[in-house]
Amino acid sequence: MPDRSPASAAADPTTHAALWIGMLLQQFPELTVELAPGRTAPTRRAPGPPPPDLADRLREERAEALLLEQRHGLAAPGHSAAPLRLHISDTIRDITDGVVELEEAVRERLGLPRARRVSVPERLRRIAGLLDEVAADAVLAAHVRDETRRMARRCARALGDTETVVRVSGRCSWCDSVSLRAFPDRGAVLCVNPACRCPEPDCGCHDDPAYRHTWDEGEWDR
């Protein structure tokens, strides 16, 4: 059974943020592979169908590739020979801008100077390294959790991922429902009952409909 202490069960938003950051670190590099579907890559996903108006959009897509390279230092090898997938390039741009803005907001809120420009994965690692300080600011912690969750979910949708979910026997410590699920990719156990509420007034379950109580897999007796 999980640790029932309030400090463990009412997971801090930064605990969830760390999970989402881990997913982004794993999946964001895959977007560059998926950007040019004509390339051969070791991926289990089948490329999506080409756009119906392929000829008319080819010039726009190539311009998009150039913009990505100019703004974010992201090159798309092979784009001159194969059309880019716009929903992938849009996702790369959104996540890149989102990570940059999130790190700047975190550092400004914590009174830290602006950091040098680096790649998206490096920025994510720097944000993860500040989570202990972020946890002391409830507003900032919730913002980091919400933004990293949004970006991780968009990345997963663009890649067509379906996360592995395993049913866990037993009942949730807080809502007493049989709603526990293990997510091996995250190394976590979640309560998926949207009505789950704990007695801790500062817990995210009281003000965030998307919040889910989470325990690390190591907290469970197997």
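About the thresholds
- Residues numbered from 1 in each chain as written.
- Predicted model: local features only at pLDDT ≥ 70, side-chain atom pairs only at ≥ 80, totals over all residues.
- Heavy atoms only, no water.
- Helix = DSSP H or I, 4+ residues; strand = E, 2+ residues; numbered from the N terminus.
- Buried < 20%, exposed > 50% of the residue type's maximum accessible area, 1.4 Å probe, protein only.
- Contact = heavy atoms within 4.5 Å.
- Areas by Shrake-Rupley, 256 points an atom, 1.4 Å probe, with all protein chains shown as cover.
- Pairing = 2+ DSSP bridges.
- Axes fitted to C-alpha atoms, helices over the stretch in contact; angles between N-to-C directions.
- Parallel < 35°, antiparallel > 145°, perpendicular 65-115°, else oblique.
- Left-handed = near helix turned anticlockwise from the far one by under 90°.
- pLDDT = per-residue confidence, 0-100.
- Core = buried A, V, L, I, M, F, W, Y, C linked by side-chain atoms within 4.5 Å.
- Polar contact = N/O pair within 3.5 Å; in protein donor to acceptor, adjacent residues only side chain to side chain.

### Let's talk about the overall build of the chain
Stage number 1. Counting secondary structure elements, the chain contains 7 helices and 4 strands.
Stage number 2. Tracing the chain from N to C terminus, the helices and strands come up as α-α-α-α-α-α-α-β-β-β-β.
Stage number 3. Taking all 222 residues of the chain together, the buried fraction comes to 40%.
Stage number 4. For the chain, the proportion of contacts with a sequence separation of at least 24, taken over those separated by at least 6, is 61%.
Stage number 5. When the accessible area of the chain is evaluated, it comes to approximately 12,000 Å², of which 51% is carbon and sulfur surface.

### Examining the sheet that holds strand β1 (residues 166–167)
Stage number 1. Taken in spatial order, the 4 strands of this open sheet run β1-β2-β3-β4, and their pairing is antiparallel. The open sheet has two edge strands, β1 and β4 (214–216), and neither has a second partner.
Stage number 2. Relative to β4, strand β3 (residues 188–191) is paired through 3 bridges, and the arrangement is antiparallel. By the bridge assignment for β4, valine 189 is matched with tryptophan 215.

### Examining the pairing of β3
Stage number 1. Because side chains alternate across β3, one face comprises the buried residues Ala188 and Leu190, and the other comprises Val189 and Cys191, equally buried.
Stage number 2. Relative to β3, strand β2 (residues 180–183) is paired through 4 bridges, and the arrangement is antiparallel. For leucine 180, the partnering residue across the bridge sits in β3 and is cysteine 191.

### Side note on the packing of helix α2 (residues 13–35) against helix α5 (residues 120–129)
Stage number 1. Viewed as axis vectors pointing N to C, α2 and α5 meet at an angle of 165 degrees, and their least axial separation amounts to 10 Å. As judged from the angle between their axes, α2 and α5 are roughly antiparallel. Crossing hand, α2 versus α5: left-handed. Residues Ile21, Leu24, Leu25 and Phe28 of α2 pack against Val120, Pro121, Leu124, Arg125, Ile127 and Ala128 of α5.

### So, the confidence of the model for the chain
Note: predicted coordinates in regions of low pLDDT should not be interpreted at a detailed level.
Stage number 1. On average, the chain scores 75 in pLDDT, and the residues at 70 or more come to 67%.
Stage number 2. Of the regions scoring below 50 in pLDDT, residues 72–83 engages in 25 contacts with residues more than four places distant in sequence or in other chains.

### Regarding the nonpolar core
Stage number 1. Leu24, Leu31, Ile95, Val99, Val106, Val134 and Val144 are the most contacted members of the largest nonpolar core, which has 28 residues in total.
Stage number 2. Broken down by secondary-structure element, the contributors of at least two residues to this core are α2, α4 (86–109), α5, α6 (131–134) and α7 (138–159).
Stage number 3. Excluding its chain neighbours within four sequence positions, the residues that come into contact with valine 144 are Ala17, Leu102, Val106, Ile127, Leu131 and Val134.
Stage number 4. Counting residues in each nonpolar core, the second largest holds 8 residues, with Val168, Cys172, Leu180 and Cys196 among its members.

### So, the side chain of aspartate 137
Stage number 1. Here aspartate 137 is to be found in the loop between α6 and α7.
Stage number 2. Among the polar contacts listed, one links the side chain of aspartate 137 to the backbone nitrogen of leucine 140, at a separation of 3.0 Å.

### Examining unusual backbone geometry
Stage number 1. Not every positive phi belongs to a glycine, and aspartate 176 is a case in point at roughly 65 degrees.
Stage number 2. Mapped onto the elements of the fold, aspartate 176 is located in the loop between β1 and β2.

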